[in-house]
Amino acid sequence: KEFREELNEDLKSSVENLETGWNNRLDNQTKLAMNLSRISPSANFVYATTHLAGTGVNDFDNFKQLLMKYREQLKGIEQGTLYKDDPAKPFPPSTFIKMNLDKVPEYTEKQLSLDESVNASIIDLGILLVYMIVLFLASFVGFIRYDVK
């Protein structure tokens, strides 16, 4: 049994390392894609509004972190008892776990504060402001150079 437990621990640590590496690569790809798409004013507008609305990428990252903390809390909970359905039923018998839900901690999500949301959207709002100023100056110069005859 000790060998089996040691193998299970090794397997769990390997899976956690794979999950961590995969999540890090996914986060890096997401950040790269966001930075490349900031060339478009519509992407800047979408990023700014989603951050302000509380549905942006930072909010999703916050949700993933809270979910990982909750997963760690659940690891300490006693597992339930394994039961099997009556094999005489017409459907294939299934296996389920009966747990005492009184011991399961409540999941509470902490939303990002307004300051954090505004700080996340400042970059995109600044880029939109630069676009607006450049386009206004270009149209103003075009208007000044126009010769009415």
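So, a few notes on the structure that sits alongside this text.

Rules and cut-offs
- Residues numbered from 1 in each chain as written.
- Predicted model: local features only at pLDDT ≥ 70, side-chain atom pairs only at ≥ 80, totals over all residues.
- Heavy atoms only, no water.
- Phe/Tyr/Trp six-rings, centres within 6.5 Å; stacked < 30°, edge-to-face > 60°.
- Helix = DSSP H or I, 4+ residues; strand = E, 2+ residues; numbered from the N terminus.
- Buried < 20%, exposed > 50% of the residue type's maximum accessible area, 1.4 Å probe, protein only.
- Contact = heavy atoms within 4.5 Å.
- Expected span 1.5 Å × (residues − 1).
- 1 Å grid on protein atoms, 1.4 Å probe; cavity = no way out; pocket = protein on both sides within 12 Å on 5 of 7 lines; lining within 4 Å.
- Points joined across faces, edges and corners; volume = space filled by probe spheres on them.
- Nonpolar A, V, L, I, M, F, W, Y, C, P; charged D, E, K, R; others polar.

**Structural notes on the packing of aromatic side chains**
Part 1 of the argument: For the structure shown, the criterion picks out 3 aromatic pairs.
Part 2 of the argument: Plain terms: the ring middles of Phe136 and Phe140 are 6.3 Å apart, the flat faces sit at 15° to each other, and that makes the pair stacked. Of the two residues, Phe136 and Phe140 are both situated in helix 4 (residues 114-145); the distance of 4 residues between them amounts to about one turn of the helix.
Part 3 of the argument: Classification of Phe140 by relative accessible area gives partly exposed; the value is 43%.

**With respect to the side chain of Asn44**
Part 1 of the argument: Mapped onto the secondary structure, Asn44 falls in helix 2 (residues 41-53).
Part 2 of the argument: Judged by relative accessible area, Asn44 falls into the buried class, the value being 0%.
Part 3 of the argument: Ignoring sequence-local partners within four residues, the contact set of Asn44 consists of Arg38, Asp124, Ile127, Leu128 and Tyr131.

**Overview of helix 2**
One turn of an α-helix holds 3.6 residues; hence residues three or four places apart share an orientation.
Part 1 of the argument: If you check helix 2, its first and last C-alpha atoms are 18 Å apart, about what 13 residues at 1.5 Å a residue would give, namely 18 Å.
Part 2 of the argument: On its buried face, helix 2 is in contact with helix 1 (2-37), helix 3 (57-75) and helix 4.
Part 3 of the argument: At the exit of helix 2 stands Gly54, carrying a positive phi of roughly 85°.

**Focus on the environment of Glu106**
Part 1 of the argument: Topologically, Glu106 is positioned in the loop between strand 2 (95-98) and helix 4.
Part 2 of the argument: By relative accessible area, which is 67% here, Glu106 ends up exposed.

**Re the layout of surface pockets**
Part 1 of the argument: One number sums up the size of the largest pocket: a volume of about 520 Å³.
Part 2 of the argument: Glu19, Thr20, Asn23, Met68 and Arg71 are the residues nearest the centre of the largest pocket, which is lined by 17 residues in total.
Part 3 of the argument: Breaking the lining of the largest pocket down by element, the ones donating at least two residues are helix 1 and helix 3.
Part 4 of the argument: In terms of residue count, the dominant contributor to the lining of the largest pocket is helix 1 (10 residues).
Part 5 of the argument: Of the residues belonging to the lining of the largest pocket, the class tally is 3 nonpolar, 4 polar and 10 charged.
Part 6 of the argument: In this structure, the second largest pocket occupies an estimated 210 Å³ of space.
Part 7 of the argument: Surrounding the second largest pocket, 13 residues form its lining, Thr30, Lys31, Met34, Val57 and Asp61 being those nearest its centre.
Part 8 of the argument: In terms of residue count, the dominant contributor to the lining of the second largest pocket is helix 1 (6 residues).

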